[in-house]
Amino acid sequence: MDLGVQIEPQFGFSFEEILAIANEARAAGFTRLWVSDHLFNDADAVATDCLEAWSLLAALAVKTEGIRIGAMVTCQSYRNPALLAKIAAGVDVMSGGRLDFGVGAGWKDFEYKAYGYPFPDGPTRVTQLIETLEICTRMWKEERATFQGKHYRIDDALCSPKPMQRPLPIWIGGSKPRVMRAAARYASAFNFNLGTSAQTDTLKSAMREMDAICKALKREPSTLLRSSFLMATVGSTAARSEALLKTFAAQQGTSPAKILDQRPGLLRETPERALGRLREYAALGIAHANIMFQPYGSEREQIAALAGIAPKLA
């Protein structure tokens, strides 16, 4: 198993803070820095900065070294698919081949409304996701790409430069069967949105479902890497972890006990305790843990606390 850091720009991160997190994560043995693709946090976040995901990734591409970067996950609705293919190819080239292309069907309805995007039903958004994947993969491979879908079309679309990576790794996130089937068809990796809240048995069931989907599509299940979101309040000591958990709970307007009840997958207490929990996920077949550190602002502290973990997992 390897480890990644999940950053939510809508919480108010500055670019300098994200860059520092990326550099310190790399030094601590983390392999990836992920950013979410959101436009603002909520209706009251008038003065809370939110860096746009793909311009942020472009900046990280030229300001970081070694660590892989990507969006977990891009909302396919926010950018024309052909333009998204072009943007991603450019970011991969600028990063020296360090991009992981994460994409999903989108869900944050009030962002859609605020920015004037139509918000169709879930099945329609998944169909749009599949068409986006078809357009992107064609543009990354073909000299001139043409596709006619129900929602999107391209006619002799050009994409030069092509991505440096051949193929560009695609990561799909979600939990619905059609999204899982899209991952089995197109993706290098699938991110389960289960680790922050679900019991281990639920994750086991989802993994078995993905295996069956791969087999039905004539794909060897082991060729699809599995990852999962995890939240963390890990401290250098158990007492420090407890303090982080209390702050996180206060931010959420709830109690530490409620947080633990809602998120049994929470990584907490000492680094050694977190290591044991991560090994449990690895034993289930999770090859990448995408960690969102809580509360906001404690990322660098927790990364430092986990600096000795990555080699032991590898």
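Residues numbered from 1 in each chain as written. Predicted model: local features only at pLDDT ≥ 70, side-chain atom pairs only at ≥ 80, totals over all residues. Heavy atoms only, no water.

(A) Seen up close, the nonpolar core. Grouped together as the largest cluster of nonpolar side chains are 81 residues, with contacts concentrated most on Phe30, Phe101, Trp140 and Ile172. Per-element accounting of this core gives the leading share, seven residues, to helix α5 (residues 122-141). Apart from residues lying up to four places away in sequence, Ile172 is in contact with Val103, Leu133, Val179, Ala182, Ala183, Ala187, Ala189, Phe190 and Asn191. Judged by nonpolar contacts, the second largest core, of seven residues, contains Leu245, Ala249, Ile259 and Leu266. (Core = buried A, V, L, I, M, F, W, Y, C linked by side-chain atoms within 4.5 Å. Buried < 20%, exposed > 50% of the residue type's maximum accessible area, 1.4 Å probe, protein only. Helix = DSSP H or I, 4+ residues; strand = E, 2+ residues; numbered from the N terminus. Contact = heavy atoms within 4.5 Å.)

(B) Representation of the packing of aromatic side chains in the model. Taken as a whole and judged by the stated rule, the model has 13 aromatic pairs. Residues Phe30 and Phe293 carry aromatic rings whose centres are separated by 6.4 Å and whose planes lie at 65° to one another, so their mutual orientation is edge-to-face. With Phe30 in the loop between α1 (15-27) and β2 (32-35) and Phe293 in strand β12 (residues 288-293), the pair connects residues that are 263 residues apart, well separated along the chain. Judged by its relative accessible area of 3%, Phe30 falls in the buried class. Judged by centre distance (6.2 Å) and plane angle (15°), the rings of Phe40 and Tyr115 are stacked. Highlighted residues: Phe40 in the loop between β2 and α2 (53-63) and Tyr115 in helix α4 (residues 109-115), separated in sequence by 75 residues. An aromatic cluster is present here, built from Tyr78, Tyr112, Tyr117 and Phe119 joined pairwise through their rings. (Phe/Tyr/Trp six-rings, centres within 6.5 Å; stacked < 30°, edge-to-face > 60°.)

(C) Spatial organisation of the layout of surface pockets. Here the largest pocket is characterised by a volume of approximately 1,100 Å³. Lining of the largest pocket is provided by 41 residues; of these, Glu8, His38, Trp107, Asn193 and Phe229 occupy positions nearest its centre. Contributions of two or more residues to the lining of the largest pocket are made by β4 (74-75), α4, α5, β8 (170-174), β10 (225-234) and α8 (238-251). Here the element with the most residues in the lining of the largest pocket is α5; it accounts for four residues. Within the lining of the largest pocket, the residues separate by chemical class into 16 nonpolar, 18 polar and seven charged. (1 Å grid on protein atoms, 1.4 Å probe; cavity = no way out; pocket = protein on both sides within 12 Å on 5 of 7 lines; lining within 4 Å. Points joined across faces, edges and corners; volume = space filled by probe spheres on them. Nonpolar A, V, L, I, M, F, W, Y, C, P; charged D, E, K, R; others polar.)

(D) Representation of α2 within the structure. Buried residues of α2: Ala53, Trp54, Leu56, Leu57, Leu60 and Ala61, and no others. Each buried residue of α2 lies within a common arc of 150° when the element is viewed along its axis, so the set occupies one face. The exposed set on the far side of α2, more than 90 degrees from its buried face, consists of Val62 and Lys63. Where the residues of α2 are buried, they touch α1, β2, β3 (68-71), β4, α3 (81-94) and β5 (99-104). Of the residues flanking the start of α2, the one acting as N-cap is Glu52, its side-chain oxygen 3.0 Å from the backbone nitrogen of Trp54. (Arc of directions from axis to C-beta. Polar contact = N/O pair within 3.5 Å; in protein donor to acceptor, adjacent residues only side chain to side chain.)

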